[in-house]
Amino acid sequence: MNKIKSGQIMIGVETMSLTLLFIIGLCITQIVATISLVTYYRKWVTKMNGMMISMSLGMSAGILMGTILGVIHHGNLFESTIYSIIIGLTVGFIAGIPIGLPAVIDGALSGLMGGMMGAMLGDMVATTSPNAIINIIAFIITMILFLVLYTTEDSIRQQSNQVIFSFFKHPFLLIFITAILFIGLNYI
């Protein structure tokens, strides 16, 4: 049962801050946008790029959610590992479906590995500086997901030789706004 208390959502004993909600929302948006783009333009995505995309999305989702769940479920490494493996494996699997079986296998295995590594990292640093490690991992994963989305758009644009919908009309502005939001939300 979740309870809201002064801008935070209570999850058992731990709290989920506004920054954490922003991080999860942003990463889910990036993952859904990339999967949607690949699904819509799958004719122009090469097998190699498709495998890279599914691997990157599965690994990123696994590491980020594993770190967050490792911190939230500190001391219960089994539970955080299982949940993060399921999340990473599912994202990698779904990201690979539009491309084919090799991308599905690559994405699912990368998600599995990312979930294990993230859960271990979150559990190990939960007592020393949990917010710092979550914010650092989230910022790195967000920037990697921006690069994956940009690479996907660029690859589709080159293969199709036509104008496609683009998230990156002003990429540096997007990255600057994201960095400012990460910094600003830490002080709320």
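Residues numbered from 1 in each chain as written. Predicted model: local features only at pLDDT ≥ 70, side-chain atom pairs only at ≥ 80, totals over all residues. Heavy atoms only, no water.

1. Focus on the overall build of the chain
When helices and strands are counted, the chain shows six helices and three strands. From first element to last, N terminus to C terminus, the chain shows the α and β order β-β-β-α-α-α-α-α-α. Classification of the 188 residues of the chain by burial places 45% in the buried group. Contacts in the chain between residues far apart in sequence, at least 24 positions, make up 72% of those at least 6 positions apart. Total accessible area computed for the chain in this model is approximately 10,200 Å², and 72% of it derives from carbon and sulfur atoms. (Helix = DSSP H or I, 4+ residues; strand = E, 2+ residues; numbered from the N terminus. Buried < 20%, exposed > 50% of the residue type's maximum accessible area, 1.4 Å probe, protein only. Contact = heavy atoms within 4.5 Å. Areas by Shrake-Rupley, 256 points an atom, 1.4 Å probe, with all protein chains shown as cover.)

2. So, the packing of aromatic side chains
Considering all chains together, one arrives at two aromatic pairs under this definition. With a centroid separation of 4.8 Å and 85 degrees between ring planes, the pair formed by Tyr40 and Tyr41 is classed as edge-to-face. According to the relative accessible area criterion, Tyr40 is exposed, its value standing at 65%. According to the relative accessible area criterion, Tyr41 is buried, its value standing at 10%. Judged by centre distance (6.1 Å) and plane angle (45 degrees), the ring pair of Tyr41 and Trp44 falls under tilted. Cluster of aromatic residues (ring-pair linked, three or more members): Tyr40, Tyr41 and Trp44. (Phe/Tyr/Trp six-rings, centres within 6.5 Å; stacked < 30°, edge-to-face > 60°.)

3. Observations regarding the nonpolar core
By size, the foremost hydrophobic cluster in this structure holds 41 residues, and its most contacted members are Ile31, Leu57, Leu64, Ile68, Ile134 and Ile141. Setting aside its immediate chain neighbours within four residues, Ile134 contacts Leu20, Ile23, Thr67, Ile68 and Val71. (Core = buried A, V, L, I, M, F, W, Y, C linked by side-chain atoms within 4.5 Å.)

4. Notes on the pattern of salt bridges
Taken as a whole, this structure holds two salt bridges when the rule is applied. Between Arg157 and Glu153 there is a salt bridge; the shortest N-O distance is 3.9 Å. Here the residue Arg157 and the residue Glu153 both occupy positions in helix H5 (residues 130-160), the gap between them amounting to four residues, near one helical turn. On the basis of relative accessibility, which here comes to 31%, the residue Arg157 falls in the partly exposed class. The network of salt bridges with common partners includes Glu153, Asp154 and Arg157. (Salt bridge = Lys/Arg side-chain N within 4 Å of Asp/Glu carboxyl O.)

5. A word on the side chain of Ser80
Following the sequence through the fold, Ser80 ends up in helix H3 (residues 77-96). For Ser80, a relative accessible area of 0% gives the class buried. With sequence-adjacent residues up to four places away left out, Ser80 is seen in contact with Leu69, Gly70, His73 and Ala119.

6. Examining the confidence of the model for the chain
Put simply, the chain has an average pLDDT of 85, and 89% of its residues get 70 or more. Confidence, read as mean pLDDT per element, is least for strand E2 (residues 8-11) in the chain (43) and greatest for H3 (96). Counting interchain partners and residues more than four positions distant, the pLDDT-below-50 stretch residues 1-14 has 20 contacts. (pLDDT = per-residue confidence, 0-100.)

7. Section: the packing of helix H1 (residues 18-40) against helix H2 (residues 47-72)
When two helices pack together, their arrangement is captured by the angle between the axes and the distance separating the axes. Two elements in contact, H1 and H2, have axes whose closest approach is 11 Å; the angle formed by their N-to-C orientations is 165 degrees. Regarding the angle of H1 to H2, the classification is roughly antiparallel. Seen from above, H1 lies across H2 with left-handed handedness. Residues Leu20, Ile23, Ile24, Cys27, Ile31, Thr34, Ile35 and Val38 of H1 lie in contact with H2, whose contacting residues are Ile53, Leu57, Ala61, Leu64, Met65 and Ile68. Among the residues forming the contact of H1 with H2, the class breakdown is 13 nonpolar, one polar and no charged. (Axes fitted to C-alpha atoms, helices over the stretch in contact; angles between N-to-C directions. Parallel < 35°, antiparallel > 145°, perpendicular 65-115°, else oblique. Left-handed = near helix turned anticlockwise from the far one by under 90°. Nonpolar A, V, L, I, M, F, W, Y, C, P; charged D, E, K, R; others polar.)

8. Quick notes on H3
End to end, H3 covers 28 Å across 20 residues, agreeing with the expected 28 Å (1.5 Å per residue, within 8%). Buried within H3 are the following residues: Ser80, Thr81, Ser84, Ile85, Gly88, Val91, Gly92, Ala95 and Gly96. Across the axial projection of H3, the buried residues extend over an arc of 140 degrees, all falling on one side. Packing partners of the buried residues in H3 comprise H1, H2 and helix H4 (101-125). (Expected span 1.5 Å × (residues − 1). Arc of directions from axis to C-beta.)

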